[in-house]
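As a plain string of letters, each chain reads:
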Amino acid sequence: MRNLLREELFKSRKGVTTYICAGWCVFSLIVSLFTISNVDLPLHESWQDFQCRMPFFFDASLLSVIFAAVFVAAEFSGGTIKNYVALGIDRNKVYFTKLIKVLGTVLAIVFLCQILSLTVTPFILESGNSLGGKGALLYFYGLLIIIQQACFYTFIAFWLRNAVGVIGLYFGIMVFEEVLLVCLNLADGIFADFLVEALTYSTYMQQVNYISTAITEMNPLKVVLALIVPLVISGVSICLGMLTFNKRDIK
């Protein structure tokens, strides 16, 4: 598995997708920081608070979709994964290598932007009291969400095996969730309220808002539930992805 992972990382260095996404994220961060530095209104967020929310600065879903589509689904079409299996490489090793590659690339971009923001934000935002344990919890939750999205969309890529299908499904899910939330908010009843609550765990920004509210309210039950759900989704996604990859033939 080590040699396979080394080969995959070597291919990443030669590809342009990683550099394009990293450049886009860095550019977005610079533009955002420039905008913050030119705001006339008083800034209520300290640079310490901004760092705690860094994992939420980019939509982990979008980055995970792009890398899962390119690193996994496109390689089904190109025959790379079929060649791996034909050479006798264990399918579970192939799966985890691809998952590590997707997750590692997303985290590398997030940490790159973290380092960049750490060098700039102390000069732009005023200093304040650190969020302490709340900030650490928020940051840890952000990392859990990144892991969840990488696991989920890697499973989707192994299931669909088509890059266009993976990206199309991502946007389809976004539209469906927004329409469903609007319909449920217009409805009354306990079941509708339950579905709205359940959907807070299925969309990226809803999860961010949910954990932020839970931490602010100091609601232990909501905090624990918010931390458990990404782990459960990650585990289920890995199991389903491995099952799909092991049981289906590669054409």
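Refer to the preceding data block for the structure.
In short, a report on the structure. (Residues numbered from 1 in each chain as written. Predicted model: local features only at pLDDT ≥ 70, side-chain atom pairs only at ≥ 80, totals over all residues. Heavy atoms only, no water.)

1. Some remarks on the overall build of the protein chain
Piece 1. In terms of helices and strands, the protein chain carries 11 helices and 0 strands.
Piece 2. Taken across its 251 residues, the protein chain has 41% of its residues classed as buried.
Piece 3. At a minimum sequence separation of 6, the contacts of the protein chain that also span at least 24 residues come to 85%.
Piece 4. By element, 70% of the accessible surface of the protein chain is carried by carbon and sulfur atoms, the whole surface being about 13400 Å². (Helix = DSSP H or I, 4+ residues; strand = E, 2+ residues; numbered from the N terminus. Buried < 20%, exposed > 50% of the residue type's maximum accessible area, 1.4 Å probe, protein only. Contact = heavy atoms within 4.5 Å. Areas by Shrake-Rupley, 256 points an atom, 1.4 Å probe, with all protein chains shown as cover.)

2. Observations regarding the layout of surface pockets
Piece 1. Considered as a void within the structure, the second largest pocket measures approximately 220 Å³ in volume.
Piece 2. The set of elements that each furnish at least two residues to the lining of the second largest pocket consists of helix H1 (2–14), helix H2 (17–37) and helix H6 (91–124).
Piece 3. A total of 7 residues in the lining of the second largest pocket trace back to one element, the largest contributor, which is H6.
Piece 4. Per-class residue counts for the lining of the second largest pocket are 7 nonpolar, 4 polar and 2 charged. (1 Å grid on protein atoms, 1.4 Å probe; cavity = no way out; pocket = protein on both sides within 12 Å on 5 of 7 lines; lining within 4 Å. Points joined across faces, edges and corners; volume = space filled by probe spheres on them. Nonpolar A, V, L, I, M, F, W, Y, C, P; charged D, E, K, R; others polar.)

3. Brief notes about the nonpolar core
Piece 1. Core analysis: the biggest nonpolar cluster contains 41 residues, and Phe-67, Val-72, Ile-81, Tyr-95 and Phe-245 have the highest contact counts within it.
Piece 2. Elements with a minimum of two residues in this core: H2, helix H4 (60–78), helix H5 (80–86), H6, helix H7 (133–160), helix H8 (163–186) and helix H11 (220–247).
Piece 3. By residue number, the principal contributor to this core is H6, which donates 10 residues.
Piece 4. Once residues lying within four places of it in the same chain are set aside, the contact partners of Val-72 are Phe-67, Ile-81, Lys-98, Val-102, Thr-154, Ala-157 and Phe-158.
Piece 5. Counting 6 residues, the second-largest nonpolar core is a separate cluster that includes Tyr-141, Leu-144, Ala-226 and Leu-227. (Core = buried A, V, L, I, M, F, W, Y, C linked by side-chain atoms within 4.5 Å.)

4. A short note on the packing of aromatic side chains
Piece 1. As enumerated under the stated definition, the model contains 11 aromatic pairs in all.
Piece 2. Aromatic pair Phe-67 and Phe-71: ring centres 5.3 Å apart, planes at 10°, arrangement stacked. Of this pair, Phe-67 and Phe-71 both sit in helix H4, 4 residues apart, which is roughly one turn of that helix. Per residue, the accessibility class of Phe-67 equals that of Phe-71, and both read buried.
Piece 3. The interplanar angle of 40° and the centroid separation of 4.6 Å between the aromatic rings of Tyr-95 and Phe-158 together place this pair among those described as tilted. In this pair, Tyr-95 sits in helix H6 while Phe-158 sits in helix H7, placing the two residues 63 residues apart along the sequence. Of the two residues, Tyr-95 and Phe-158, both sit in the buried class.
Piece 4. An aromatic cluster of at least three residues, connected via ring pairs, comprises Phe-152, Tyr-153, Phe-155, Trp-159, Tyr-170 and Phe-171. (Phe/Tyr/Trp six-rings, centres within 6.5 Å; stacked < 30°, edge-to-face > 60°.)

5. With respect to the side chain of Arg-161
Piece 1. Along the chain, Arg-161 turns up in the loop between H7 and H8.
Piece 2. Asp-249 provides the closest opposite charge to the buried, salt-bridge-free Arg-161, at an N-O distance of 7.6 Å.
Piece 3. Polar side-chain contacts of Arg-161 include one of 3.2 Å to the backbone oxygen of Phe-158.
Piece 4. Look past the residues within four positions of Arg-161 in its chain and what remains in contact with it is Ala-73, Phe-76, Ser-77, Ile-156, Thr-244, Phe-245, Arg-248, Asp-249 and Ile-250. (Lys, Arg positive; Asp, Glu negative; His and termini not counted. Salt bridge = Lys/Arg side-chain N within 4 Å of Asp/Glu carboxyl O. Polar contact = N/O pair within 3.5 Å; in protein donor to acceptor, adjacent residues only side chain to side chain.)

6. Brief notes about unusual backbone geometry
Piece 1. Despite not being glycine, Arg-161 shows a phi value in the positive range, around 60°.
Piece 2. For Arg-161, a relative accessible area of 10% translates into the label buried.

7. Thoughts on H1
Piece 1. Helix length check: H1, at 13 residues, gives a terminal C-alpha distance of 19 Å against a target of 18 Å (1.5 Å per residue), a fit within 8%.
Piece 2. Within H1, burial applies to Leu-4, Glu-8 and Ser-12. Within H1, the buried residues cover an arc of 80° as seen down the axis, which keeps them to one side. Exposed and facing more than 90 degrees away from the buried side of H1 are Arg-2, Asn-3, Arg-13 and Lys-14. (Expected span 1.5 Å × (residues − 1). Arc of directions from axis to C-beta.)

8. Notes on the pattern of salt bridges
Piece 1. According to the stated counting rule, one finds 1 salt bridge in the structure shown.
Piece 2. Close ionic contact of Glu-75 with Lys-98 constitutes a salt bridge, the shortest N to O distance being 2.3 Å. Residue Glu-75 is found in helix H4, and its partner Lys-98 is found in helix H6; the two are separated by 23 residues along the sequence. Each member of the pair, Glu-75 as well as Lys-98, is classed as buried.

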